[in-house]
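Below are the chains, spelled out letter by letter.
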Amino acid sequence: MEQGLSRAVTTATTLLASSGTRPLRWIADLIQNRNSQGKGILCSVVCSMSCCLAVSTAYSSPLINVGFSGDNGQLSSYYSPITRELVVAATAWEDLFVSGNAFTLNVNVIFDNSPTANAGSLFSTVLYSTGPLSVFRQGAVDTVLTGVHNPSGPYDAAIHIGTSYLTNELWFDPNPANNDSVPIDKTDAESIFLHEFGHIFAFNGNRDQFTGALSTNAESEFDDLVSFINNSPYFIGSYAESVYGGPVPLTVGNIYHVGNPSGPGADLETYPGDLMNGNIFFRGSRYNISAVDAAIAADLGLVVEIAEPDTIAIFCVSLVGFWLTRCSRRSVEARI
Ligand SMILES: [Zn+2]
């Protein structure tokens, strides 16, 4: 991620094309339910976290345990706000694919000189083999589903945060239970962490970002559904294709993201852009998991309560897109 120049945004555009076909009930319901229940979930999580803070070690919650490194304690004032927003972000994704209680994920927050932030699962789980090729999923998924932890270290996932990005750019909502506006000159930390958990659970793999070539004989479930069409990368999962209306354009040179500012998937970059877009994050804006993101997760087996693919249609997706644009706020841009 990089910082970008400021520019005013005056129009809001739906993220997704509309169609007159039958509703995509499960994704629409799933996202709307999460939206309506979000404050309650958030409150319970934060309350649970507060209890943990009061009686035991700091910076843990039922969903995540967070360890910090790279700062020698100098950024300790950020530990609590970071943990709070990480819990919100983890909750949003885990609501998609965890039925019942999630097991605790051990997360290492590493402060370094990254221009923005990046993240990934620290281990993987092989699901099956096809000839010499093995297909894996992000180990962090198994952690929250079954309690299996990284066999090679104390943490299941890592998030790198640039110290300058943290102190000069990110905004931490002082009152997450309310829907406070993100300042127009700041990037919303919750949105960034939601993006990063997308990488930890799903949007990741072993392919070369430009050529798509596998670096080993192992590929992620996401990799398995990447296809190059006219030299451009696409995600070809059936749920995602049904929601988007065809293969979902991935970001050229940054393929574990969706959309391109010009070219395939430009609609996914239109203000404010998809949560998992690979180009721009606007300041002053709050992002949410989109219908396309949720459908990609479904194609990776990460969504519970899904219908058969032939029941999927696009009509409600346009409504979800409209909802997203209404939820978003305007202002200036930052790059991711
Ligand atoms: Zn990313």
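Remember, it's a predicted structure, so these values are computed and weren't measured experimentally. Counting restarts for each chain, with residues numbered from 1 along the sequence as it is written. Only residues with pLDDT of at least 70 are given local features in this predicted model, and only at 80 or more are side-chain atom pairs given and counted; all residues enter the totals for whole chains, interfaces and linings. As a convention, hydrogens and water are excluded, and side-chain values are obtained from all of the structure's heavy atoms.

## Details of the coordination of the zinc ion
Here's step 1: Each protein donor to the zinc ion is listed here as His195 (NE2), His199 (NE2) and His257 (NE2); together their distances run 2.0 to 2.1 Å.
Here's step 2: Metal donors were taken as nitrogen, oxygen and sulfur atoms no farther than 2.8 Å from the ion, or 3.2 Å where the ion is Na, K or Ca. Water is excluded, so coordination may look unfinished. Sequence spacing among the residues donating to the zinc ion works out to H-x3-H-x57-H. With a gap of 58 residues between them, His199 in helix 5 (residues 189–201) and His257 in strand 13 (residues 254–258) connect regions that are remote in the sequence.
Here's step 3: By relative accessible area, which is 10% here, His257 ends up buried. A run of DSSP states H or I qualifies as a helix once it reaches four residues; a run of E qualifies as a strand once it reaches two. Both are numbered from the N-terminal end. For every residue, the accessible area (1.4 Å probe, protein chains only) is compared with the maximum for its type, and the residue is labelled buried under 20%, exposed over 50%, or partly exposed between those bounds.

## Digging into the packing of aromatic side chains
Here's step 1: Stacked, tilted and edge-to-face are the three classes assigned to paired rings of Phe, Tyr and Trp, where Trp is represented by its six-membered ring and a pair needs centres within 6.5 Å; plane angles under 30 degrees give stacked, over 60 edge-to-face, the rest tilted. According to the stated counting rule, one finds 13 aromatic pairs in the structure shown.
Here's step 2: Seen in terms of ring centroids, Phe203 and Phe222 are 5.5 Å apart; in terms of plane orientation they differ by 45°. Their pairing is tilted. Of this pair, Phe203 sits in the loop between helix 5 and strand 9 (218–220) while Phe222 sits in helix 6 (residues 221–224), and the two are 19 residues apart along the sequence.
Here's step 3: Assessed through its relative accessible area of 1%, Phe222 is described here as buried.

## Considering the sheet that holds strand 9
Here's step 1: Ordered by their spatial adjacency, 3 strands build an open sheet running 4-5-9, and the pairing between neighbours is mixed. Whereas interior strands pair on both sides, the edge strands pair on one side only; in this sheet they are strand 4 (124–130) and strand 9. Pairwise comparison of adjacent strand axes, ignoring direction, gives a mean angle of 35° for this sheet.
Here's step 2: Note on contacts: a residue pair is in contact if any heavy atoms of the two residues lie within 4.5 Å. In this analysis an axis means a line fitted to C-alpha atoms, helices contributing only their contacting stretch, and an angle means the value between N-to-C directions, from 0 to 180 degrees. Lying on the sheet, helix 3 (residues 139–146) is in contact with strand 4 and strand 5 (133–138); it crosses strand 5 at an angle near 55°. In this description, strands pair whenever DSSP reports at least two bridges between them.

## Quick look at the confidence of the model for the protein
Here's step 1: Taken over all residues, the pLDDT of the protein has a mean of 79, while the share at 70 or more is 72%.
Here's step 2: Counted against residues more than four places away or in other chains, residues 31–58, with its pLDDT under 50, gives 32 contacts. Summary of the metric used: pLDDT quantifies the predictor's per-residue confidence within the range 0 to 100.

## Examining the pattern of salt bridges
Here's step 1: Within this document, salt bridges are pairs made up of a side-chain nitrogen of Lys or Arg and a carboxyl oxygen of Asp or Glu, the two lying within 4 Å of each other. Inspection of every chain in the model, using the stated rule, returns 6 salt bridges.
Here's step 2: Asp173 is the partner of Arg286 in a salt bridge, and the nearest nitrogen-oxygen pair spans 3.7 Å. In this pair, Arg286 is assigned in the loop between strand 14 (280–282) and helix 8 (291–299) and Asp173 in the loop between strand 7 (170–171) and strand 8 (187–188), connecting sequence segments 113 residues apart. Accessibility assignment for this pair places Arg286 and Asp173 in one class, buried.
Here's step 3: A salt bridge links Arg286 to Glu190; the shortest N-O distance between them is 3.4 Å. In this pair, Arg286 sits in the loop between strand 14 and helix 8 while Glu190 sits in helix 5, placing the two residues 96 residues apart along the sequence.
Here's step 4: Residue classification places Arg286 among the buried positions, given a relative accessible area of 9%.

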